[in-house]
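Secondary and tertiary structure notes
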Amino acid sequence: MARRPLTPLGARRRHAARLALYLSLATSALVGVGLGRVASEVVRRAPEVDDDSAEWLGIDFAALPEVSLLQRYVAINTSYPDGDELAGARFLETELARRGIHGQVEYLGRGRANFWAILEGSEPGAVVLHHHIDVEEAHESADWAYAPFSGTIDGPWMYGRGVYDMKSLAIAQMVALFDLQADTPRPRKSVIYLATGGEETGSDLGMRWLVRQHPELVRRFDLMLTEGGAVDATTPTQIKYWGIEFGQKHFVDLHFCSSSRERLEDLRSDLLAYGKPDWPLHLSPEAREFALRYGASRDLGLYRQLLLRPDELLLEADRFAQLTPILKALFRNEIHASVVTAAPGGGWELLAKLHLFPGQPVAEGLAAALPSGIASGVSMTMRDPGGAHAVTSLSHPAYQVLEDAVRTAYPHAVVGPLFSSWTASDARFVRDLGRPAFGFSPFLIVSSDTYYVGGPNERISLAGYVKGVRLYSKVLRRLAN
């Protein structure tokens, strides 16, 4: 049976993984309570402006250029499989050309496209501002209060598919490039504005294609900034942790097929039973660094105690058992299985994803995940997209620039590294080439707003967005000069 790029189930699993990241950072003490849906409804009905947003009262957000740009970009349906990445790329091309920055659109058929433009500096080595053009599918749902590709502004929020993931960052990068050009027409470092397609379905015609087919461009990458950072904030003045992503696990797709649904259900049960608890624990240097910095930010004494002594968790099962699921993933390889579904063309299929420590050989991890006989009588295909064998050193000067910029803008924020154990980004393909890459979000968005990412009524706080655009411009000035 042929492997499909991404099923609706796969998309939901991807969304669930991302949601788990945001929720675990924001509500680690409440895992398992099931407050997500209730919290979403409470937030939806909350007053439109909180106490810290008084400065934005009376502001006509729609009149701001950066808001207008975002609204127009969100209005372009670039979802898979029915959206048009080419239209998104043409929009970016047109906006940059207005400022005299001419780029290249690469059309790869069936609406798939990439785009890049270069502001040449004194040095050919470039700071790369990367985002993915495609967004998750906006499934038909009565839960959408506004058309998903309308970019509707209601109160202090903009609603629409991709408004958070990740067209807001795309426009922040664009405005930062315009500001840099206005201040320094020829900066010290060159800047590449890069938009790739297909990230939501594995980046086959996006970043992975670019790495293979455009080595002359990739050779210029000195540093890449992309998605992947996370902000844990309960209110605009209570920023518990602002994470800058520097590494992630290696994710391998497993596709099991059988004519017997019962056999696949049995396999799924075995994978769920075996796929986490029995694997040996390991503390990598990057996981230790994140655990220590993140642990110091925890209000709950239990999590501070556990994470500030991470090496002891390897030896004390009862202490380890008190961690949240996503924190447990820092210390072990895992395999996550979805549900059994009917396969195209007949039969049944089961999708699973293997999560490995950076640098671990896939064969070794696969042997541990699938002990002898566990998948007997079932056909399996494996897809390893690569990436995540390397992490970016926190001693890289750019990391300090990012930390300093956030602390200057938000002195009360705790800022530190983020190691992603459940979510992936295109940074992994660049890191494996030996190029540094960081996942960085400049937007102060309260954690409750992230409940909507990838779901109905995805939204972004316009106050946080506008401040983030300004923050990103300051970051780029420092990195390019």
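Scroll up a little and you will see the structure.
This report concerns the structure included in the present document. It should be emphasised that the depicted structure is a prediction, and the values quoted were computed from it without experimental measurement.

This brings us to unusual backbone geometry. Cis rather than trans, the peptide bond between Tyr-80 and Pro-81 has omega equal to 5°. Relative to the helices and strands, Pro-81 resides in the loop between helix H3 (65-74) and helix H4 (85-98). Of note, the amide linkage connecting Asp-165 to Met-166 takes the cis form, showing an omega dihedral of -5°. One can find Met-166 in the loop between strand E5 (157-159) and helix H5 (167-183).

Turning our eyes to something else, we now look at the packing of aromatic side chains. Across all of its chains, the model carries 12 aromatic pairs by this definition. Judged by centre distance (5.2 Å) and plane angle (85°), the rings of Tyr-241 and Tyr-294 are edge-to-face. Remark: Tyr-294 occurs in helix H9 (residues 285-295) and Tyr-241 occurs in strand E9 (residues 238-248); sequence separation between them is 53 residues. Assigned by exposure class, Tyr-241 and Tyr-294 land together as buried. Taken together, the ring pairs connect Tyr-241, Phe-290 and Tyr-294 into an aromatic cluster. It is Arg-99 that lies over the ring of Phe-178; its NZ or CZ is 4.3 Å from the centre. The ring centre of Trp-157 lies 3.8 Å from the NZ or CZ of Arg-459, which sits over that ring.

Once that is clear, we can look at helix H17 (residues 462-480). Over its 19 residues, H17 extends 27 Å from the first C-alpha to the last, a length consistent with the 27 Å expected when each residue adds 1.5 Å. Within H17, 14 of the 19 residues are buried, which leaves the element mostly enclosed by the surrounding structure.

This part takes up H4. Between its terminal C-alpha atoms H4 stretches 20 Å, which fits the 20 Å expected from 14 residues at 1.5 Å a residue. Listing the buried residues of H4 in full gives Glu-85, Leu-86, Gly-88, Ala-89, Phe-91, Leu-92, Glu-95 and Leu-96. For H4, the secondary structure elements touched by its buried residues are H3, strand E1 (103-107), strand E2 (113-119), strand E3 (123-132), H5 and strand E6 (189-196). One side-chain oxygen of the residue at the start of H4 lies 3.0 Å from the amide nitrogen of Leu-86, identifying that residue as Asp-84.

Here the focus is the sheet that holds strand E4 (residues 152-154). The three strands lie next to each other as E4-E5-E17, forming an open sheet whose pairing is antiparallel. Each edge of the sheet is formed by a strand with only one pairing partner; in this case those strands are E4 and strand E17 (459-461). Each adjacent strand pair in this sheet contributes to an overall mean axis angle of 25°, direction not counted. In this sheet, E17 lies alongside E5 in antiparallel orientation, the contact comprising three bridges. Bridge pairing in E17 links Met-158 to Ile-460. Sheet contacts for H3: E4, E5 and E17; angle to E5, the most-contacted strand, approximately 20°.

This next bit is on the nonpolar core. Across soluble globular proteins, nonpolar side chains have a tendency to be buried as a group. In this structure, Trp-242 and Tyr-465 are the most contacted members of the largest nonpolar core, which totals 95 residues. The element contributing the most residues to this core is H17, with 11 residues. With 21 residues, the next largest nonpolar core counts Val-252, Phe-256, Leu-264 and Leu-350 among its residues.

This paragraph deals with the environment of Glu-120. Here Glu-120 shows up in the loop between E2 and E3. The exposure class of Glu-120 is partly exposed, given its relative accessible area of 35%. Along the sequence, Glu-120 and Arg-188 sit 68 residues apart, while their C-alpha atoms lie 8.8 Å from each other. Among all residues touching Glu-120, those that are not within four sequence positions of it are Pro-185, Arg-186, Pro-187, Ser-190 and Arg-220. Reaching out from Glu-120, the side chain makes a polar contact with the side chain of Ser-190 at a distance of 3.4 Å. Within the structure, Glu-120 has its side chain in polar contact with the side chain of Arg-220 (distance 2.8 Å).

Let us look at the pattern of salt bridges. Here the structure, examined in full by the defined rule, presents 27 salt bridges. Notably, a salt bridge pairs Arg-298 with Asp-232, separated by 3.1 Å at the nearest N-O pair. With Arg-298 in the loop between H9 and helix H10 (301-307) and Asp-232 in strand E8 (residues 230-235), the pair connects residues that are 66 residues apart, well separated along the chain. When its relative accessible area of 4% is taken as the criterion, Arg-298 is described as buried. For Lys-353, the salt bridge goes to Asp-253, with nearest N and O atoms at 2.2 Å. Of this pair, Lys-353 sits in strand E13 (residues 348-356) while Asp-253 sits in strand E10 (residues 250-258), and the two are 100 residues apart along the sequence. Residue classification places Lys-353 among the partly exposed positions, given a relative accessible area of 24%.

Rules used in this analysis
Residues numbered from 1 in each chain as written. Predicted model: local features only at pLDDT ≥ 70, side-chain atom pairs only at ≥ 80, totals over all residues. Heavy atoms only, no water. Helix = DSSP H or I, 4+ residues; strand = E, 2+ residues; numbered from the N terminus. Phe/Tyr/Trp six-rings, centres within 6.5 Å; stacked < 30°, edge-to-face > 60°. Buried < 20%, exposed > 50% of the residue type's maximum accessible area, 1.4 Å probe, protein only. Lys NZ or Arg CZ within 6 Å of the ring centre and 35° of its normal. Expected span 1.5 Å × (residues − 1). Contact = heavy atoms within 4.5 Å. Polar contact = N/O pair within 3.5 Å; in protein donor to acceptor, adjacent residues only side chain to side chain. Pairing = 2+ DSSP bridges. Axes fitted to C-alpha atoms, helices over the stretch in contact; angles between N-to-C directions. Core = buried A, V, L, I, M, F, W, Y, C linked by side-chain atoms within 4.5 Å. Salt bridge = Lys/Arg side-chain N within 4 Å of Asp/Glu carboxyl O.

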